[in-house]
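Each chain, written out:
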Amino acid sequence: MSVKPFKLLNWLGRDPHGIYFLGPEGSYSHEVASLFQGRPVPVRTITEAFSSALKGGAAVVPVENSIEGPVNETLDNLFQHKEIYVNAEVEKEIELVLAVNPTVSGISQVRKVYSHPHALKEAAGFLERHGLKEMEVVESTSKAAQTASVTPGAAALCSKLAAELYGLKVLTEGVQDHVNMTRFFLVSTKPSYQGDKTTILFTVPHRPGSLFTALKAFAERDVNLTMIYSRPLKTSPWKYYFYLELEGGIQDPMISSSIEEARSLTSELWLKGSYPKRGVSNP
Ligand SMILES: O=C(O)C(=O)C[C@]1(C(=O)O)C=C[C@@H](O)C=C1
């Protein structure tokens, strides 16, 4: 049996619900879910991964890509489900391949390319250079591989692993336009307060300087912010919540005091947890 790098989260291995991931088998989310102790369980969407984890177990979800930016569905689910916390972060190198249905013998014969919207953006330059204009968005890169395997003339942008799993022929490896990294979270209903990074969500009053005032709590203590995004509240037009990640864990008094001060300066603030950060590259 292979050694699981996150075996310290050993409650996962005993949880009968398993670890939900964006399926089918062979997605990048699946590769990350396999790093944890516990049984990986495929679901159709990121939102379904969250709603499954609400009932027990955990979910592995993509949160940000270095080329395409944040995964809005993940940020919005973290905001919607206040009882879901971040337990771990995994940064993974994403190596995309162009893999084809066995009926295709060369790139000029490809009629349509299937993939996840993020992956299509991550290899946009490659697709353009090869005149691959016909594209179809599907739920994940592994779904793309599965679809291409039963569609003559089709190709998928997916991992080498997914190409093998669904019997596709790899035409070109490393088709991403730049160094391509995606960060994933392991989330569950179990709060976690130890680690190298912390995620918070907050809203601020709609008046000049309110975001600036909230962020001063971090600047004054030299706390390094690593990601900040605003997303629509949806329930109220042109109002937003802020998603923020910072370096350091809540076990550090400097971090906890900056968050407590920010709490007093915002309308509402939710601590989504402190968690360990880990990097993995392709085998
Ligand atoms: O489709 C997959 O394989 C996923 O795990 C999703 C996802 C993403 O949402 O960013 C993960 C990594 C890649 O960046 C492309 C797609």
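Named according to an unreviewed UniProt entry, the protein is prephenate dehydratase originating from Sulfodiicoccus acidiphilus. Under the heading Pathway (unreviewed entry), UniProt records this for the protein: "Amino-acid biosynthesis; L-phenylalanine biosynthesis; phenylpyruvate from prephenate: step 1/1."

**Q** I'm lost on the overall build of the protein in this one. Help?
**A** The secondary structure content of the protein amounts to 10 helices and 16 strands. In terms of overall dimensions, the protein is globule-like: its C-alpha atoms have a radius of gyration of 20 Å, near the 19 Å expected for 283 residues. With the C-alpha coordinates of the protein rotated into their principal frame, the extents come out at 65 × 45 × 30 Å. When burial is assessed residue by residue, the protein has 43% of its 283 residues classed as buried.

**Q** Quick question: what am I supposed to make of the site of the ligand here?
**A** By nearness alone, 16 residues border the ligand, and Ser27, Tyr28, Ser29, Ser140 and Thr141 come closest of all. Those elements that place two or more of their residues in the shell around the ligand are helix H2 (28-33), strand E3 (58-65), helix H5 (117-122) and helix H7 (141-149). The biggest single contributor to the shell around the ligand is H5, with 3 residues. The residue inventory of the shell around the ligand, partitioned by class, reads 6 nonpolar, 9 polar and 1 charged. Residue-level mapping places the shell around the ligand at the junction of two domains, with at least three residues from each of domain 1 (11-93 + 182-190) and domain 2 (97-173).

**Q** What exactly am I supposed to notice about the packing of helix H3 (residues 46-53) against helix H4 (residues 72-80) here?
**A** When two helices pack together, their arrangement is captured by the angle between the axes and the distance separating the axes. Relative orientation of the contacting elements H3 and H4 amounts to 30°, with a least axis distance of 9 Å. Considering the angle they form, H3 stands roughly parallel to H4. Between H3 and H4 the crossing geometry is right-handed. For the pair H3 and H4, the contacting residues are Ile46, Thr47 and Phe50 in the first and Glu73, Thr74 and Asn77 in the second.

**Q** Honestly, the UniProt feature "domain: Prephenate dehydratase" (unreviewed entry) in the protein in this entry has me stumped. Any pointers?
**A** Here the UniProt feature "domain: Prephenate dehydratase" (unreviewed entry) sits at residues 18-190. Taken end to end, residues 18-190 comprises 29% helix and 32% strand; its first and last C-alpha atoms sit 14 Å apart.

**Q** Explanation requested: the pairing of E3 in the structure shown.
**A** Within a regular strand, the side chains alternate between the two sheet faces. Counting buried positions along E3 gives 7 out of 8 residues, so the element sits mostly inside the fold. Sheet topology places strand E1 (residues 19-22) next to E3; 3 bridges connect them, and they run parallel. Counterpart to Phe21 in the pairing with E3 is Val60. In terms of strand pairing, E3 meets strand E11 (residues 181-188) through 6 bridges, oriented antiparallel. When the sheet's bridge partners are listed, Pro62 is paired in E11 with Phe184.

**Q** Even after reading the chapter, I still don't get unusual backbone geometry, so can you show me in this structure?
**A** Trans peptide bonds make up most of the peptide bonds, and negative phi angles are found at most residues other than glycine. Between Gly23 and the following residue, Pro24, the backbone shows a cis peptide bond with an omega angle of -5°. Along the chain, Pro24 turns up in the loop between E1 and H2. For Trp238, which is not a glycine, the phi torsion comes out positive at approximately 65°. By the secondary structure assignment, Trp238 is in the loop between strand E13 (225-232) and strand E14 (240-247). Taking the number of C-beta atoms within 10 Å as the measure of exposure, Trp238 has 7 and is therefore exposed.

**Q** I tried to follow the sheet that holds strand E8 (residues 135-137) on my own but got confused; where do I start?
**A** Two strands in a sheet stick together by hydrogen bonds in their backbones, pointing the same way (parallel) or opposite ways (antiparallel). Spatially, the 5 strands line up as an open sheet ordered E8-E7-E9-E6-E10, and their pairing is mixed. Each of the sheet's edge strands pairs with one partner strand only, and the pair in question is E8 and strand E10 (169-173). Taking each pair of neighbouring strands and ignoring which way they run, the sheet shows an average axis angle of 25°. With 3 bridges joining them, strand E7 (residues 112-115) and E8 adopt parallel strand pairing. The residue of E8 that forms the bridge with Ser115 is Val137.

**Q** Looking at this model, I keep getting lost on the domain arrangement of the protein. Mind explaining?
**A** Interface size, as often reported, equals the accessible area lost upon joining of the parts. What the domain assignment reports for the protein is domain 1 (11-93 + 182-190), domain 2 (97-173) and domain 3 (197-278). Using C-alpha coordinates to define each centre, domain 1 is positioned 24 Å away from domain 2. Contacts between the two partners involve 14 residues from domain 1, matched on the other side by 15 residues from domain 2. The element that contributes the greatest number of residues to the side of domain 1 that touches domain 2 is H2, accounting for 3 residues. Its residues placed into classes, the side of domain 1 that touches domain 2 shows 4 nonpolar, 6 polar and 4 charged.

**Q** Even after reading the chapter, I still don't get the UniProt feature "domain: ACT" (unreviewed entry) in the protein, so can you show me in this structure?
**A** Within this structure's numbering, the places UniProt gives as "domain: ACT" (unreviewed entry) are residues 199-276. Spanning residues 199-276, this segment combines 29% helix with 37% strand, and its end C-alpha atoms are found 12 Å apart.

**Q** In this structure, what is going on with the sheet that holds E14? I would like to understand it.
**A** If you walk across this open sheet you meet the 4 strands as E13-E14-E12-E15, and the pairing is antiparallel. Only two strands of the sheet have a single neighbouring strand rather than two, namely E13 and strand E15 (268-275). Adjacent strand axes in the sheet meet at a mean angle of 15°, parallel and antiparallel pairs treated alike. Looking at chain direction, strand E12 (residues 197-203) and E15 are connected through 7 bridges and run antiparallel. Looking at E15, one finds that Thr199 is bridged to Gly273. Together, E12, E13, E14 and E15 form the strand contacts of H4, whose direction differs from that of E13 by roughly 80°.

What counts and how
Numbers given for residues are sequential positions, taken from 1 along each chain in its written order. Since the coordinates come from a predicted model, pLDDT governs what is reported: local features require at least 70, and pairs of side-chain atoms require 80 or more to be given and counted, while whole-chain, interface and lining totals use all residues. UniProt positions are given in the numbering used here, feature names are shortened, and annotations may be inferred rather than shown by experiment. Numbering of helices and strands starts at the N terminus; helices are DSSP runs of H or I of at least 4 residues and strands are runs of E of at least 2. C-alpha atoms define the radius of gyration in this analysis, and the globule rule sets the expected value at 2.2 Å times the number of residues to the power 0.38. As a rule, residues whose C-beta atom has 12 or fewer other C-beta atoms within 10 Å are exposed, those with 20 or more are buried, and those in between are partly exposed; C-beta atoms are placed from the backbone. Residues are counted as near a molecule or strand when the C-beta atom, derived from backbone positions, lies within 6 Å of that molecule or strand. Charged means Asp, Glu, Lys or Arg here, nonpolar means Ala, Val, Leu, Ile, Met, Phe, Trp, Tyr, Cys or Pro, and polar covers whatever is left, Gly included. Boundaries of every domain are those given by an automatic assignment or by a domain database. To get an axis, fit a line to the C-alpha atoms, keeping to the stretch in contact for a helix; angles then go from 0 to 180 degrees between the N-to-C directions. Any angle from 65 to 115 degrees is called roughly perpendicular, while one under 35 is roughly parallel, one over 145 is roughly antiparallel, and all others are oblique. Should the near helix be turned anticlockwise from the far one by less than a right angle, the crossing is termed left-handed; should it be turned clockwise, right-handed. For the purpose of contact definition, each residue receives a C-beta atom placed from its backbone, and two residues are in contact when these atoms lie within 7 Å. A strand pair is defined by DSSP finding two or more bridges across the two strands.

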